[in-house]
Amino acid sequence: MQQSPVASASASSILQIHLATARDLVATARPIARRYFRQRLTVERKADASPVTVADRGIEAELRAILTARHPEHAIFGEEQGAERLGARFTWVIDPIDGTKSFVTGMPLFGTLIALLENGRPQLGLIDMPMLDELWIGEAGQGTRLNGQPCRTSGCSDPATATLYATSPDMFTGTELASFERLSGQVALRRFGGDCYAYALLAAGHIDLVVEVGLQPYDYLPLVPVIEGAGGVITDWNGQPLGLGADGRVVAAATPALHRWALGTLLG
């Protein structure tokens, strides 16, 4: 078996090796997404009724091939093909097209999400928006960058001036809907849509809160280094760190103070 380049690298260079791999994954995924966007595609329904296309599957297959060739000892967890080698020190998490509903309806606000976990904790996260030519990269312990330039959250700590996003009001039901309505009734503005782009906008300082439920690990794990590296906070609704076993309820905020308020309001 070909030895991974990480095996012979110093500790200080491991992250840079992985970042180079992540950039290559984005460079591979972008042209595939662009080629299929606004084309007539067959849209299939998965077991959970969510849509999937040849673009989703094609991107993930290409990214898995790259990862298997370069880092054969790493685990991979992707939306379309599931998990392999879980339990490894490093795990790559892939959402080839986050926002497939936007993608298939011609809306350009879909993205490719990539994360690298070390011992279960996100160390590297990328949000790439293929049609907008915007790439956010977050590294644990480092600042987040948008197209190579540092970006920061808004610094908002007052809910009365905050802008809140969620992908769809349809994701909330029962007590979760009541909690969301209680929170959203106290902010300055609430908007829906955007999928992963809402979190990218939060990291860039344009909005202040994102609250969602029903997310999968490939939806939220790539967001963690991006939000944290920009000065924000992202956890589950109980304030616990997001990992592979989280329940899919996510709160992301521009500041610790706004995050504490959001948790307290949601749990009421």
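The rules we used
- Residues numbered from 1 in each chain as written.
- Predicted model: local features only at pLDDT ≥ 70, side-chain atom pairs only at ≥ 80, totals over all residues.
- Heavy atoms only, no water.
- Buried < 20%, exposed > 50% of the residue type's maximum accessible area, 1.4 Å probe, protein only.
- Helix = DSSP H or I, 4+ residues; strand = E, 2+ residues; numbered from the N terminus.
- Pairing = 2+ DSSP bridges.
- Core = buried A, V, L, I, M, F, W, Y, C linked by side-chain atoms within 4.5 Å.
- Contact = heavy atoms within 4.5 Å.
- Axes fitted to C-alpha atoms, helices over the stretch in contact; angles between N-to-C directions.
- Right-handed = clockwise from strand over helix to strand, strands pointing away.
- Parallel < 35°, antiparallel > 145°, perpendicular 65-115°, else oblique.
- Left-handed = near helix turned anticlockwise from the far one by under 90°.
- Nonpolar A, V, L, I, M, F, W, Y, C, P; charged D, E, K, R; others polar.

### Side note on the pairing of strand β7 (residues 121–129)
Piece 1. Across the nine residues of β7, seven count as buried, placing the element largely inside the fold.
Piece 2. With seven bridges joining them, strand β6 (residues 111–118) and β7 adopt antiparallel strand pairing. Looking at the pairing, L113 lines up with I127 of β7.
Piece 3. Connecting the antiparallel pair β6 and β7 is a turn made up of two residues, with N119 showing a positive phi of about 50 degrees.
Piece 4. Here six bridges tie β7 to strand β8 (residues 134–139), and the two strands are oriented antiparallel to one another.

### Some words on the sheet that holds β6
Within a sheet, each strand pairs with its neighbour through backbone hydrogen bonds, oriented either parallel or antiparallel.
Piece 1. What the eight strands build is an open sheet, ordered β4-β3-β5-β6-β7-β8-β9-β10; its pairing is mixed. Each of the sheet's edge strands pairs with one partner strand only, and the pair in question is β4 (82–84) and β10 (149–150).
Piece 2. Direction of pairing for strand β3 (residues 75–78) relative to strand β5 (residues 90–98): parallel, over a ladder of four bridges. Considered in β5, the bridge of G78 is made with I94.

### A short note on the nonpolar core
Piece 1. Within the largest apolar cluster, 34 residues are counted, with the highest numbers of intra-cluster contacts made by I127, W136, Y199, V210, L223 and I234.
Piece 2. It is helix α5 (residues 196–203) that provides the largest number of residues to this core, a total of eight residues.
Piece 3. Excluding residues within four positions of it along the chain, Y199 makes contact with V210, E212, L215, L223, I227, I234, V250 and A252.
Piece 4. Ranked by size, the runner-up nonpolar core spans 27 residues in total, among them V26, I32, F37 and F103.

### Overview of the sheet that holds strand β14 (residues 233–236)
Piece 1. The strand order across the open sheet formed by five strands is β12-β11-β13-β15-β14, and the pairing between neighbours is mixed. Only two strands of the sheet have a single neighbouring strand rather than two, namely β12 (189–192) and β14. The average angle at which neighbouring strand axes cross in this sheet is 15 degrees, direction not considered.
Piece 2. In the sheet, strand β11 (residues 163–166) pairs with strand β13 (residues 209–212) via two bridges, with the strands oriented parallel. For L164, the partnering residue across the bridge sits in β13 and is L209.
Piece 3. Sitting on the sheet, α5 is in contact with β11, β13, β14 and β15 (250–253), with an inclination near 155 degrees to β13.

### Considering the side chain of R249
Piece 1. For R249, the location among the structural elements is in the loop between β14 and β15.
Piece 2. For R249, a relative accessible area of 18% translates into the label buried.
Piece 3. Apart from residues no more than four positions distant in its own chain, R249 is found in contact with E176, E212, V213, T235, D236, W237, N238 and L242.

### Some remarks on the pairing of β11
Piece 1. By the alternation rule, side chains of β11 split into T163 and Y165 and L164 and A166, which are all buried.
Piece 2. Sheet topology places β11 next to β12; four bridges connect them, and they run parallel. Looking across to β12, one finds that L164 is bridged to R190.
Piece 3. You can see the chain leave β11, run along helix α4 (residues 174–184) and come back into β12, and the turn it takes is right-handed.

### Re the packing of α4 against helix α8 (residues 256–267)
Piece 1. Look at α4 against α8: their axes get within 8 Å of each other, and the N-to-C directions meet at 135 degrees. Overall, the two elements α4 and α8 adopt an arrangement that is oblique. When you trace α4 past α8, the crossing you get is right-handed. On α8, the residues touching S179, F180, R182 and L183 of α4 are W261, A262, T265, L266 and L267.
Piece 2. For the contact of α4 with α8, a count of residues per class yields six nonpolar, two polar and one charged.

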